[in-house]
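For reference, the chains in residue letters:
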Amino acid sequence: MKRTQIIAHRGARSLAPENTLAAAEKGLEVGADLWETDVGVSADGVLIIFHDDSLKRTTNAAEVYPDRAPWTFSEFTYSEIERLDAGSWFDRDDPFGQIAAGRVGLADQQGYVGLKVPTVEEALAFTKDNDWVVNIELKKLPPPLENFPVVTEFFRVMDRVRIAPEQVRLSSFQHHWLAQARSLRPEVEVQALVGYHRDRPIDWRAVEDYQTINARATLTPPEKVRQLVAAGKKINLFTVNETDEAARYIEAGVSGLFSDFPQDLVPLALAAAGKETP
Ligand code: G3P
Ligand code: MG
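Summarised in this report is the structure supplied together with it. These numbers come from a predicted model, not from an experiment.

Procedures and definitions
- Residues numbered from 1 in each chain as written.
- Chains lettered and ligands numbered in written order.
- Predicted model: local features only at pLDDT ≥ 70, side-chain atom pairs only at ≥ 80, totals over all residues.
- Heavy atoms only, no water.
- Helix = DSSP H or I, 4+ residues; strand = E, 2+ residues; numbered from the N terminus.
- Rg over C-alpha atoms; globule rule 2.2 N^0.38 Å.
- Buried < 20%, exposed > 50% of the residue type's maximum accessible area, 1.4 Å probe, protein only.
- Donors = N, O, S within 2.8 Å, 3.2 Å for Na, K, Ca; no water.
- Pairing = 2+ DSSP bridges.
- Right-handed = clockwise from strand over helix to strand, strands pointing away.
- Phe/Tyr/Trp six-rings, centres within 6.5 Å; stacked < 30°, edge-to-face > 60°.
- Lys NZ or Arg CZ within 6 Å of the ring centre and 35° of its normal.

### A closer look at the overall build of the protein
Per the secondary structure count, the protein includes 11 helices and nine strands. Expected size for 278 residues packed as a compact globule is a radius of gyration near 19 Å; at 18 Å, the protein falls within 12% of this value. Along the longest, intermediate and shortest principal axes, the C-alpha atoms of the protein span 55 × 45 × 40 Å. In the protein, which comprises 278 residues, the proportion classed as buried is 54%.

What follows is the structure in structure tokens.
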């Protein structure tokens, strides 16, 4: 059986500010098989990596642009976004308690000050240069960019960077984008995200058409993983941070685990694979 892959969620976001190249670098350093990141688009059409609709939580946008609440990224040009500090908040908030736990060195903390919001181009170039793999999540875009042609723009960036299709996985809760991607570039693997609402059961029939499904872990018990694997599907789960929970899913045959703590799950996945080696 193939070893479970550990996917650094938004980079290794417990060790470095999420969705920065520093977080990607940390994921690489701790041995994650690939990293996951989210795509946003600036008002002038530049693809950036960003998770929330608002710039507020993970940048200093509220200080730099005090009159522009709620700081939705699609209302800022790229040159405005480029001025933001996307790293200092991590040192201030220590969102996963890893600074307090002594797991983030002082040099790293200092290096996070002033980090930029990366472009998708930079994220792909980083992945290519490090001979790594990235899972790109195409997020529903906030107004006024609801109809922005993100799939074709993403492929344009891929072409500019000349990254190999095997180094990219495309995922989205917007399945029509995946269908479009599949018809435009069948060589790029698409993965259907399900479980957007944490309190609604997953409609598994809606993704029968997809070979690989990325599902919310809290809505997908290990028995369900076994059943999907038996039906020939590949299943990746988000977001799994606890090692006991990860061990149960690895045992059930999960293909990949998105984790904020790849530093803890990589050794576990390797050990589990070691046990299987004759
Ligand atoms: O792709 C898996 C996961 O990233 C989906 O949720 O909100 O962390 O982007 P979110
Ligand atoms: Mg994501």
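### Considering the coordination of the magnesium ion (ligand 2)
Four donors placed tetrahedrally around a metal ideally meet at 109.5 degrees, and six donors placed octahedrally ideally meet at 90 or 180 degrees. Every protein donor of the magnesium ion (ligand 2) is listed here as Glu36 (OE), Asp38 (OD) and Glu137 (OE), and their distances to the metal cover 2.0 to 2.1 Å. In the primary structure, the donors to the magnesium ion (ligand 2) are separated according to the pattern E-x1-D-x98-E. One end of the pair, Glu36, is in strand E2 (residues 34-41); the other, Glu137, is in strand E4 (residues 134-138), and 101 residues separate them in sequence. With respect to burial, Glu36 and Glu137 carry one shared label: buried.

### Observations regarding the pairing of strand E7 (residues 212-216)
Counted residue by residue, E7 has five buried out of five residues, so it is predominantly covered. Direction of pairing for strand E6 (residues 189-194) relative to E7: parallel, over a ladder of three bridges. Along E7, the bridge assignment pairs Ala192 with Ile213. Across five bridges, the pairing between E7 and strand E8 (residues 234-238) is parallel. Paired with Asn214 across the strands is Asn236, a residue of E8. Handedness of the crossover is the feature at issue here: the chain leaves E7, passes through helix H9 (residues 222-230), returns alongside E8, and the resulting connection is right-handed.

### Quick word on the pairing of E2
In terms of burial, E2 is largely enclosed, as eight of its eight residues are buried. On E2, burial covers both faces: Leu34, Glu36, Asp38 and Gly40 on one face and Trp35, Thr37, Val39 and Val41 on the other are all buried. Running through helix H1 (residues 21-29), the crossover from strand E1 (residues 5-9) to the neighbouring parallel element E2 is right-handed. Alignment of E2 against E4, held across five bridges, turns out to be parallel. The residue bridging Asp38 from the neighbouring strand is Glu137, located in E4. Pairing of E2 with strand E3 (residues 47-49), which is carried by three bridges, proceeds in the antiparallel orientation. Within the sheet, the bridge partner assigned to Gly40 lies in E3 and is Ile48. What sits between E2 and E3 in their antiparallel hairpin is a turn of five residues, with Gly45 showing a positive phi close to 85°.

### Here's the deal with the packing of aromatic side chains
Tallying each qualifying case throughout the model produces 11 aromatic pairs. Ring centres of Trp35 and Phe126 lie 6.2 Å apart, and the angle between their planes is 80°; this geometry places the pair in the edge-to-face category. Taken together, the residues Trp35 in strand E2 and Phe126 in helix H6 (residues 120-129) connect sequence positions 91 residues apart. Side by side, Trp35 and Phe126 carry an identical accessibility label, which is buried. Following the ring pairs from residue to residue traces out a cluster consisting of Trp35, Phe126 and Trp132. When the ring centre of Trp89 is taken as reference, the NZ or CZ atom of Arg57 above it lies at 5.9 Å.

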